[in-house]
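Given next are the chains, with one letter for each unit.
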Amino acid sequence: MSVFSSKDFDGHEQVVFCNDSDTSLKAIIAIHNRKLGPALGGCRMYPYASDEEALRDVLRLSRGMTYKSALAGLPLGGGKAVIIGDPFTGKSEALMRAMGRFIDSLGGRYIGAEDSGTGVKDIQWMAQETAHVAGFRERRTTAGPRSGDPSPSTAYGVFVGIRAAVLHALNSTHLDGVKVAIQGLGHVGMHLAERLHNAGARLWVCDPVAARVHEAQERFGAVAVPLDEIHSQKVDVFAPCAMGAVINDRTLPQLKARIVAGAANNQLDENRHALELHRRGILYAPDYVINAGGIIDIYFEIHGDDEVAEMVKLEEIGDTLSEIFAEAGETGKTTAEIADRIAERRFMRIAKGTSASAVA
């Protein structure tokens, strides 16, 4: 298995393979870029079919975090970690603490947080071995105490992004009656469903956990859809909120939505799928832009809770997407390409000596 010749290797600064025989931990940490600051990104746990699949995921996810922080205006770089294992049966305190020790060995170059397959408790276990994790401390808000789970902020950012996409593509200033298909009802997907329901949207949902689908039916009047049919519903918005690569050669021709806007990372299986979406007149909200709410939340946990400033940053997700949509329309480029260009311009400023705070 080669790292440097992988098609997903993008000049990553460091890729670390972690093995702990006492706990059977097998993990990979990838640091993509630290020009804007330390590489912050979640630690995912998933039963990858192969080591190559895990490597591809961590390389793509870490790159996305670099671009995500840049477009969110945060002085952070991009990194990610993946633990190869079943999050339902393979977890233990000892395993998570071993992961914490590996993170600690990087000396703060990478800061871990929760992700798909991990939660607040897992990060708390890691925190017993390292100071370089975040997103697990109880926080005080005007609405009362809340856990460090950044999922509500991620969901709110996606909600803001969907509003911006609906305004651009459907010329509607509200979501009342807008039809949305949500793929995945985990922490983020369920919070998003609640916000969309409260805004008057109509929901179609799927999830491998039947209880989650039932909850969405009971609470939001959602329509349950089979897992392999959610992308092909006749809706206005398709919102992927589970694993990546859901826009691919098989699913893309079946899309009937006018908009793709959701919380999942790496929604495009390959970069060329952005061009195909563009050709079909489907507006794509680049995933690392619309799902930046979580990293914004964690940034403010690390640098001092400021609810007003955090809310401003979350609302800026919609402004950034509107800018991307407009520039894409003016230039004929894809929204993915425009998002990359804006992020890369920020990297260039740093390379030329502009401070991270000035870029932000």
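See the structure above.
Figured I'd write up the structure that's included with this text. (Residues numbered from 1 in each chain as written. Predicted model: local features only at pLDDT ≥ 70, side-chain atom pairs only at ≥ 80, totals over all residues. Heavy atoms only, no water.)

Here the focus is the pairing of strand β4 (residues 77-84). Successive side chains on a regular strand alternate, one facing one side of the sheet and the next facing the other. In terms of residue burial, β4 counts as a mostly covered element, since seven of its eight residues are buried. The pairing of strand β2 (residues 25-33) with β4 spans six bridges and is classified as antiparallel. Along β4, the bridge assignment pairs I28 with V82. The pairing of strand β3 (residues 39-46) with β4 spans six bridges and is classified as parallel. When the bridges of β4 are listed, A39 appears paired with G77. Each parallel crossover has a hand, and for β3 linked through helix α1 (residues 51-71) to β4 it is right-handed. (Buried < 20%, exposed > 50% of the residue type's maximum accessible area, 1.4 Å probe, protein only. Helix = DSSP H or I, 4+ residues; strand = E, 2+ residues; numbered from the N terminus. Pairing = 2+ DSSP bridges. Right-handed = clockwise from strand over helix to strand, strands pointing away.)

As for its placement among the helices and strands, H12 is situated in the segment before β1 (14-20). Since its relative accessible area comes to 6%, H12 is described here as buried. One polar contact links the side chain of H12 to the main-chain amide nitrogen of D10, over a distance of 3.1 Å. Only 3.0 Å separates the side chain of H12 from the backbone oxygen of L59, close enough to count as a polar contact. Excluding residues within four positions of it along the chain, H12 makes contact with A30, I31, H32, L59, S62 and R63. (Polar contact = N/O pair within 3.5 Å; in protein donor to acceptor, adjacent residues only side chain to side chain. Contact = heavy atoms within 4.5 Å.)

The next subject is the state of the cysteines. Tallying each qualifying case throughout the model produces zero disulfides. In this model C206 remains outside any disulfide bridge; the closest cysteine sulfur is found in C241, 9.8 Å from its own. (Disulfide = S-S within 2.5 Å.)

Inspection of the entire model under this criterion finds 23 salt bridges. The salt bridge involving D8 is made with R56; its shortest N-O contact spans 3.1 Å. Residue D8 is found in the segment before β1, and its partner R56 is found in helix α1; the two are separated by 48 residues along the sequence. Put simply, E316 and K313 hold a salt bridge, and the shortest N to O gap is 3.6 Å. Of this pair, E316 and K313 both sit in helix α10 (residues 307-331), three residues apart, which is roughly one turn of that helix. (Salt bridge = Lys/Arg side-chain N within 4 Å of Asp/Glu carboxyl O.)

Turning to the packing of aromatic side chains, a few remarks are in order. Under the definition given, this model contains five aromatic pairs. In this structure, R63 is placed above the aromatic ring of Y67, and the distance from its NZ or CZ to the ring centre is 4.2 Å. (Phe/Tyr/Trp six-rings, centres within 6.5 Å; stacked < 30°, edge-to-face > 60°. Lys NZ or Arg CZ within 6 Å of the ring centre and 35° of its normal.)

Turning our attention to the packing of helix α4 (residues 151-170) against α10. At a minimum axis separation of 9 Å, α4 and α10 run at an interaxial angle of 35°. In this structure, the crossing between α4 and α10 has a hand that is right-handed. Of the residues in α10, those in contact with S153, Y156, G157, V160, G161, R163, A164, A165 and H168 of α4 are E310, M311, L314, E315, I317, G318, L321, S322, F325 and A326. (Axes fitted to C-alpha atoms, helices over the stretch in contact; angles between N-to-C directions. Left-handed = near helix turned anticlockwise from the far one by under 90°.)

In the structure shown here, the tally under the stated rule is one cavity of 30 Å³ or more. Quantified by volume, the largest cavity comes out at close to 40 Å³. What lines the largest cavity is L61, G64, M65, K68, N265, N266, D287 and Y288. Sorting the residues of the lining of the largest cavity by element identifies α1 and α8 (287-290) as the ones contributing at least two each. Sort the elements by how many residues they give to the lining of the largest cavity and α1 lands first, with four residues. Class assignment for the residues of the lining of the largest cavity results in three nonpolar, three polar and two charged. (1 Å grid on protein atoms, 1.4 Å probe; cavity = no way out; pocket = protein on both sides within 12 Å on 5 of 7 lines; lining within 4 Å. Points joined across faces, edges and corners; volume = space filled by probe spheres on them. Nonpolar A, V, L, I, M, F, W, Y, C, P; charged D, E, K, R; others polar.)

This brings us to the side chain of R44. Along the chain, R44 falls in strand β3. Polar contacts involving the side chain of R44 include one to the side chain of D115, which spans 3.3 Å. With residues up to four places along the chain from it excluded, the contact list for R44 reads D57, L61, A81, V82, I83, D115, S116, T118, M243 and N265.

On the basis of which strands lie adjacent, the open sheet formed by five strands has the order β1-β2-β4-β3-β5 and mixed pairing. The sheet is open, and its two edges are formed by β1 and β5 (110-114), each paired on a single side. Looking at each pair of strands side by side, their axes are set apart by 25° on average, direction ignored. As defined by bridge partners, β1 adjoins β2 across seven bridges and the pair is classed as antiparallel. Bridge pairing in β2 places F17 opposite I28.

Turning next to the sheet that holds strand β11 (residues 237-240). An order of β10-β9-β8-β11-β12-β13 is seen for the six strands of this open sheet, with the pairing classed as parallel. The outermost strands of the open sheet, each flanked by one partner alone, are β10 (223-224) and β13 (283-284). Here helix α5 (residues 187-198) sits on the sheet and contacts β8 (179-183), β9 (202-206) and β11; the angle it forms with β8, its principal contact strand, is near 170°.

With that out of the way, let us pick up the layout of surface pockets. As a volume, the second largest pocket reaches approximately 590 Å³. Secondary-structure elements contributing two or more residues to the lining of the second largest pocket are α1, α8 and α11 (335-351). Looking at the lining of the second largest pocket, the element that brings in the most residues is α1, giving five residues. Residues of the lining of the second largest pocket, tallied by class, amount to eight nonpolar, five polar and eleven charged.

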